[in-house]
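Topology and contacts: notes
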Amino acid sequence: MLSSVSRRLSRSAPAPAPAPAPAPAPAPASQAAAAPPPPPAPGAPPPPHPEEPWLIAVHKAFVSEGLAAALSTFDAQLAASASLVGKPSTYIRACEVLHAAGAPSDACADMLLSVVETKLPDVQTCRQVAYHLLSLQRFDEAVRVLELVLELAPAEPHSHTDIAFATLLRLRRKEEKDVATARAEMVVVVGALARVLTSTEWASRFAEIEWPALILLSWAVAWAEHAYPALRGSLWPEEQLPAERFRVGGAAGPQMDVFVWLGWDTDHTDVDLHVREPTGEEVYYGHNHSSTTGAAVSRDFTDGYGPEVYTLPKAPGGKYTVETNYYASHQATTGTGATSAVIWSVQRLGQFECEEMQFSSVRLTRHKQRQAVLQLEHGNAPPALTSA
């Protein structure tokens with residue numbers, strides 16, 4: 001499966017376009033702070049739909065009286081409606097609504113973790129919980145849930161890319177620069193991604209996940225060697241993936257002004273990545289190379305979990321709008337009630353002192369549903385798009 005990656009690298013310039021620990025128990029509502037709620041979080045989901053009156057009650061309680069009142073209202077709604085009890089979607093939707101209203105990330109995380117504490121959930125539910133935890137930047141909890149995903153679904157390459165990414169983010173957020181800890185974390189990251197790149201066991205619908213995984217591996221190793229000089233020369237899996245042939249960007253890693261990654265939690269599903277560029281051009285699977293910026297979008301995954309990635313080495317200034325299009329799904333999502341997508345972006349990828357990362361998770365409930373999920377502002381104003 002690496003032959004296509006090797007061919008792509010040979011055509012590219014050095015900087016190309018490219019068993020878990022138990023989760024903590026939620027705090028009782030009586031211990032929650034009753035202070036006035038902060039403003040809604042940027043990019044958070046919208047308030048509840050009118051067809052969800054129980055969520056409207058939780059939202060109103062938070063806005064008017066604060067977190068303790070919202071959690072008390074949530075408990076009352078569970079007691080009043082047996083249909084809500086035990087459904088993962090109940091806790092996931094409550095988390096989304098509290099996050100949208102500006103609730104603290106620890107309270108939202110506790111709500112999510114209730115899903116995996118009540119009973120052993122399925123893989124899709126675990127992925128959805130983990131993606132929401134990533135969007136809340138609760139990386140320790142996300143890693144623990146993704147370790148469960150890896151245990152439940154080791155034969156899916158996304159189980160390995162997800163744990164690698166979450167572990168890398170956890171390491172990047174550590175304030176203490178301990179070399180031994182960094183080495184141990186990077187062993188997990190490199191091992192997981194190397195398996196994705198070299199294994200022959202993956203189903204055919206996952207073909208071409210190698211290129212996004214190779215970008216992620218090259219970026220992760222370059223960052224670790226930059227942040228921890230003592231690790232230089234010891235992390236790249238040279239025997240499996242000779243660096244001269246496979247290391248994107250060499251020791252410096254890939255260099256991109258804008259990089260966007262879209263993945264989702266439901267198998268046999270098609271979610272499309274669209275990026276509207278400041279030049280006026282839109283890049284997506286049907287127009288996967290930008291004539292004005294040189295950006296590219298990777299393979300259109302129509303029957304798996306993605307990922308689809310947008311790579312732009314040299315970006316003109318202006319606004320980049322990242323959108324998802326939920327095209328189709330052929331797998332039931334009865335437990336969570338929806339497919340969730342996780343979108344993350346890095347501006348100035350490879351310039352480690354000034355990288356800017358954004359996260360978003362979005363709940364997809366209607367086929368052909370299209371929505372903006374991220375806005376990126378980059379540099380100065382771009383040249384205008386001219387028609388041919």
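See the structure shown above.
The present account deals with the structure reproduced in this document. (Residues numbered from 1 in each chain as written. Predicted model: local features only at pLDDT ≥ 70, side-chain atom pairs only at ≥ 80, totals over all residues. Heavy atoms only, no water.)

With 20 residues, helix α9 (residues 179-198) should cover 28 Å at 1.5 Å per step; its first-to-last C-alpha distance of 27 Å lies within 8% of that length. Of the positions making up α9, those classed as buried are Ala 182, Glu 185, Met 186, Val 189, Val 190, Ala 192, Leu 193, Ala 194, Val 196 and Leu 197. Elements in contact with the buried residues of α9: α8 (157-173) and α10 (210-227). (Helix = DSSP H or I, 4+ residues; strand = E, 2+ residues; numbered from the N terminus. Expected span 1.5 Å × (residues − 1). Buried < 20%, exposed > 50% of the residue type's maximum accessible area, 1.4 Å probe, protein only. Contact = heavy atoms within 4.5 Å.)

Next up on the list: the packing of aromatic side chains. Taken as a whole and judged by the stated rule, the model has ten aromatic pairs. On the basis of an interplanar angle of 20 degrees and a centroid distance of 5.9 Å, the ring pair of Trp 219 and Trp 344 is categorised as stacked. In this pair, Trp 219 sits in helix α10 while Trp 344 sits in strand β7 (residues 339-349), placing the two residues 125 residues apart along the sequence. On the basis of relative accessibility, which here comes to 2%, the residue Trp 219 falls in the buried class. Trp 344 gets classed as buried once you look at its relative accessible area, which sits at 2%. Between Tyr 284 and Tyr 285, the aromatic rings sit 5.4 Å apart at their centres with planes inclined by 90 degrees, giving edge-to-face as the arrangement. With a relative accessible area of 25%, Tyr 284 lands in the partly exposed category. A relative accessible area of 37% places Tyr 285 in the partly exposed class. One aromatic cluster is present, formed by Phe 139, Phe 165, Trp 219, Phe 259, Trp 261, Trp 344 and Phe 359 through successive ring pairs. (Phe/Tyr/Trp six-rings, centres within 6.5 Å; stacked < 30°, edge-to-face > 60°.)

Bringing the pattern of salt bridges into the picture now. This model, assessed by the stated rule, comprises 13 salt bridges. For Asp 140, the salt bridge identified is with Arg 170, shortest N-O distance 3.7 Å. On the criterion of sequence distance, the pair formed by Asp 140 in helix α7 (residues 139-152) and Arg 170 in helix α8 is long-range, its members being 30 residues apart. What makes Asp 140 partly exposed here is its relative accessible area of 39%. Glu 323 is the partner of Arg 276 in a salt bridge, and the nearest nitrogen-oxygen pair spans 3.1 Å. Remark: Glu 323 occurs in strand β6 (residues 318-329) and Arg 276 occurs in strand β2 (residues 269-276); sequence separation between them is 47 residues. Within the structure, one salt-bridge network assembled from shared partners comprises Glu 52, Arg 93 and Glu 96. (Salt bridge = Lys/Arg side-chain N within 4 Å of Asp/Glu carboxyl O.)

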